[in-house]
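Chain by chain, the residues run as shown.
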Amino acid sequence: MKHELVTACKNLHLGYVMEAYEAIAFNDRSQYLLEVLQVELRGREISRIRRLMKKARFPQMKTLEDYDFGAVTFPAHCSRELLTDLAFLERKENVMMLGKVGTGKTHLATALGVEACRRGYEVRFFRVHDLVAALQDKYQSGTLSRFQRELQKAELLILDEMGFVPFHKDGAELLFNVISECYEQRSMIVTSNLEFGQWNTVFGDARLTAALVDRLVHHAHVLAFTGESYRLRNALSGVRSS
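Note that this is a predicted model, so its numbers are computed, not measured.

This part covers the overall build of the protein. Counting secondary structure elements, the protein contains twelve helices and six strands. Since a compact globule built from 242 residues should have a radius of gyration of about 18 Å, the 22 Å found for the protein marks it as more spread out than a globular shape. Taking all 242 residues of the protein together, 43% fall into the buried category. Of all intrachain contacts in the protein linking residues separated by at least 6 positions in sequence, the fraction that spans at least 24 positions is 79%. Accessible area of the protein: about 13,900 Å², with a carbon and sulfur share of 52%. Looking at charge distribution, the protein has the averaged site of its 32 positive side-chain charges lying 3 Å from that of its 30 negative ones.

In structure tokens:
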């Protein structure tokens, strides 16, 4: 009988029933069948979230539960609750995170991405210089269009560390095209240690920089991060306690 059950579950693509059906208490047929199906649904949901997390390629796992919002200044039209509820994703708005190095921008961007995956959104995370390098590589190998189609599947694109490394003209134009494709079609979270007025030092072209910033900040929530570096603070506390 068990062999027949395994075969039936395999044919019906029920991947989680066999693991749990013997442990479920039987009170009546409807209750038992419902609980068996709920096990399958929960298993599929967990599996889907894992796939989304893997595809997002977060550098490390961060969550909203352990984030300290004390260093974040919100604009008038945004709040902690609206941000963490991911309302901006529904409206295809952007979130810009500006502030000094080490003030928690990447942590919050990652945590929002993780929460989006938990809610079933397609997310992609890139450090900006890595994305630009990938775009240039795909362009040279003739596979840029396929890579761009993959990026377009994302409902949230996270671009981390905008401004750390200046771009070559070709790289800047390729990144501009990615951002233009996202405009009013999908949400972006962008972190940077530079104010917008300094972005020209990264892109090297005033007109391109102005057009890029215009697309990013239209329909955007600009968050300011203040205070000293978390990493520096933790390092200093370790020194003092030793």
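This part takes up empty space enclosed by the protein. Rolled over the atoms, a probe as big as a water molecule pinpoints where empty space is left. Per the stated rule, a full pass over the model turns up three cavities of 30 Å³ or more. As a volume, the largest cavity reaches approximately 70 Å³. As for the largest cavity, its lining consists of Q148, L151, Q152, N177, V178, E181, C182 and R186. At the level of secondary structure, the elements contributing two or more residues to the lining of the largest cavity comprise α8 (144–152) and α9 (169–182). Ranked by residues supplied to the lining of the largest cavity, first place goes to α9 with four residues. The class makeup of the residues in the lining of the largest cavity is three nonpolar, three polar and two charged.

The next thing to look at is the pairing of strand β3 (residues 123–127). Among the five residues of β3, four are classified as buried, and the element is accordingly described as predominantly covered. Across five bridges, β3 lies against strand β4 (residues 156–162) in parallel orientation. Looking across to β4, one finds that R127 is bridged to D160.

Before going further, it helps to spend a moment on the nonpolar core. Among the nonpolar cores identified, the biggest contains 32 residues, and L159, M162, F167, L175, W199 and F203 are the most heavily contacted of them. For this core, the secondary structure elements donating two or more residues are β2 (94–99), α7 (128–141), α8, β4, α9, β5 (187–192), α10 (200–203) and α11 (206–217). When residues of this core are assigned to their parent elements, the largest contribution, seven residues, is made by α9. Ranked by size, the runner-up nonpolar core spans 31 residues in total, among them L83, L89, V114 and F125.

Glancing now at helix α3 (residues 29–56). A rise of 1.5 Å per residue sets the reference length of α3, with its 28 residues, at 40 Å; its end C-alpha atoms lie 41 Å apart and thus fit the reference within 8%. Among all positions in α3, only Q31, V36, V39, E40, G43, S47, I49, L52, M53 and A56 are buried. On the buried face of α3, the contacting elements are α2 (17–20), α6 (105–118) and β3. For α3, the N-terminal capping position is held by D28, with its side-chain oxygen 3.1 Å away from the main-chain nitrogen of S30. R57, located one to two residues past α3, shows a positive phi value of around 60°.

With that settled, the discussion passes to the environment of E93. Following the sequence through the fold, E93 ends up in the loop between α5 (87–90) and β2. Under the relative-accessibility criterion, E93 is labelled buried at 14%. Counting along the chain gives 95 residues from E93 to M188, while the straight-line C-alpha distance between them is 7.3 Å. Once residues lying within four places of it in the same chain are set aside, the contact partners of E93 are F88, S187, M188, H219 and H221. Within polar-contact distance, the side chain of E93 engages the side chain of R91 at 3.0 Å.

Here we come to the packing of aromatic side chains. With the rule as written, the count across this model stands at eight aromatic pairs. Judged by centre distance (5.2 Å) and plane angle (65°), the ring pair of F196 and W199 falls under edge-to-face.

Basis of the calculations
- Residues numbered from 1 in each chain as written.
- Predicted model: local features only at pLDDT ≥ 70, side-chain atom pairs only at ≥ 80, totals over all residues.
- Heavy atoms only, no water.
- Helix = DSSP H or I, 4+ residues; strand = E, 2+ residues; numbered from the N terminus.
- Rg over C-alpha atoms; globule rule 2.2 N^0.38 Å.
- Buried < 20%, exposed > 50% of the residue type's maximum accessible area, 1.4 Å probe, protein only.
- Contact = heavy atoms within 4.5 Å.
- Areas by Shrake-Rupley, 256 points an atom, 1.4 Å probe, with all protein chains shown as cover.
- Lys, Arg positive; Asp, Glu negative; His and termini not counted.
- Charge placed at Lys NZ, Arg CZ, Asp CG, Glu CD.
- 1 Å grid on protein atoms, 1.4 Å probe; cavity = no way out; pocket = protein on both sides within 12 Å on 5 of 7 lines; lining within 4 Å.
- Points joined across faces, edges and corners; volume = space filled by probe spheres on them.
- Nonpolar A, V, L, I, M, F, W, Y, C, P; charged D, E, K, R; others polar.
- Pairing = 2+ DSSP bridges.
- Core = buried A, V, L, I, M, F, W, Y, C linked by side-chain atoms within 4.5 Å.
- Expected span 1.5 Å × (residues − 1).
- Polar contact = N/O pair within 3.5 Å; in protein donor to acceptor, adjacent residues only side chain to side chain.
- Phe/Tyr/Trp six-rings, centres within 6.5 Å; stacked < 30°, edge-to-face > 60°.

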